[in-house]
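Survey of secondary and tertiary structure
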Amino acid sequence: MFTFTPRTYASKAEHYVDLAAQARGLIAGEPDLIANAANFSALVFYSLPQINWAGFYLYDGRELVVGPFQGKPACIRIALGSGVCGTAARTRQTQVVRDVNQFSGHIPCDSASQSEIVVPLVRADGSLLGVWDVDSPVTGRFDEDDRHGMEALCRVFMDHLDESGRRSAPAA
């Protein structure tokens, strides 16, 4: 059983280091992509302040399809290159958007979301698994510390996936 214990951190960086350790422990020994994605989403959603959505969009070979997440119902399908998620998937670069209303082509799945960070999830063989998406109702919520922290969290997730060799979404 996983027990969530709220903690106080000296910095965002320290918080992300601890969160990565918790994520590593949470998914250790479990090979199933969906089970791990669901627990990973819950861990982040309930650990970080000022978050209103955290989850995965998985690439099905044509477009991104909503996967395990925490938060309000979401957009189901996103074309590559569309919105923040589609841009991260197409460019394979993390997108840190301080104000979604200033992002050309933003897809407003939840009108409460004001800022967003999206990390592309690329397998060791270079194929696209999908993206990790986190939204906040606070403008300017995400910064470079969040970029580094979220990318580190996603490395934990992807390293485990690559080690387990299990896939439930086709390679791109």
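Before any of the text, the structure's been laid out above.
Residues numbered from 1 in each chain as written. Predicted model: local features only at pLDDT ≥ 70, side-chain atom pairs only at ≥ 80, totals over all residues. Heavy atoms only, no water.

For the coordinates displayed, the defined rule picks out seven salt bridges. Here Asp 60 and Arg 62 are joined by a salt bridge, their closest N and O atoms 3.5 Å apart. For Arg 77, the salt bridge is made with Asp 60, and the minimal N-O distance between the two is 3.6 Å. Here Arg 77, found in strand S3 (residues 77-79), pairs with Asp 60, found in the loop between strand S1 (53-59) and strand S2 (63-71); they are 17 residues apart in sequence, far enough to count as distant. Accessibility expressed as a relative area gives 23% for Asp 60, which makes it partly exposed. (Salt bridge = Lys/Arg side-chain N within 4 Å of Asp/Glu carboxyl O. Helix = DSSP H or I, 4+ residues; strand = E, 2+ residues; numbered from the N terminus. Buried < 20%, exposed > 50% of the residue type's maximum accessible area, 1.4 Å probe, protein only.)

Our next topic: the environment of Gly 81. Along the polypeptide, Gly 81 turns up in the loop between S3 and helix H3 (83-91). Classification of Gly 81 by relative accessible area gives partly exposed; the value is 37%. In this structure the C-alpha to C-alpha distance between Gly 81 and Ala 28, which are 53 residues apart in sequence, comes to 33 Å. Setting aside anything within four residues of it in sequence, one finds Gly 81 in contact with Gly 86, Thr 87 and Arg 90. (Contact = heavy atoms within 4.5 Å.)

All right, on to the packing of helix H1 (residues 12-27) against helix H4 (residues 144-164) then. Where H1 meets H4, the closest approach of the two axes is 9 Å, and the angle between their N-to-C directions is 15°. Between H1 and H4, the angle is such that the two are roughly parallel. Where H1 crosses over H4, the handedness of that crossing is right-handed. On the side of H1, the interface is formed by Lys 12, Tyr 16, Leu 19, Ala 20, Ala 23, Arg 24 and Ile 27, while H4 contributes Asp 145, Asp 146, Gly 149, Met 150, Leu 153, Val 156, Phe 157 and His 160. Class assignment of the residues belonging to the contact of H1 with H4 gives a composition of nine nonpolar, two polar and four charged. (Axes fitted to C-alpha atoms, helices over the stretch in contact; angles between N-to-C directions. Parallel < 35°, antiparallel > 145°, perpendicular 65-115°, else oblique. Left-handed = near helix turned anticlockwise from the far one by under 90°. Nonpolar A, V, L, I, M, F, W, Y, C, P; charged D, E, K, R; others polar.)

Formed by 30 residues in total, the largest nonpolar core has its most connected members in Val 44, Trp 132, Met 150, Leu 153 and Phe 157. Sorting elements by how many residues they give to this core places H4 first, with seven residues. Ignoring sequence-local partners within four residues, the contact set of Leu 153 consists of Tyr 16, Leu 19, Ala 20, Ala 23, Phe 40 and Val 44. Residues Tyr 59, Ala 88, Val 100 and Val 118 belong to the second largest nonpolar core, which totals 15 residues. (Core = buried A, V, L, I, M, F, W, Y, C linked by side-chain atoms within 4.5 Å.)

Within the fold, Gln 95 resides in strand S4 (residues 95-97). Within the structure, the side chain of Gln 95 is placed 3.1 Å from the backbone oxygen of Gln 93, a separation counted as a polar contact. The residues contacting Gln 95, other than those within four sequence positions of it, are Val 84, Thr 87, Ala 88, Phe 103, Glu 116, Ile 117 and Val 118. (Polar contact = N/O pair within 3.5 Å; in protein donor to acceptor, adjacent residues only side chain to side chain.)

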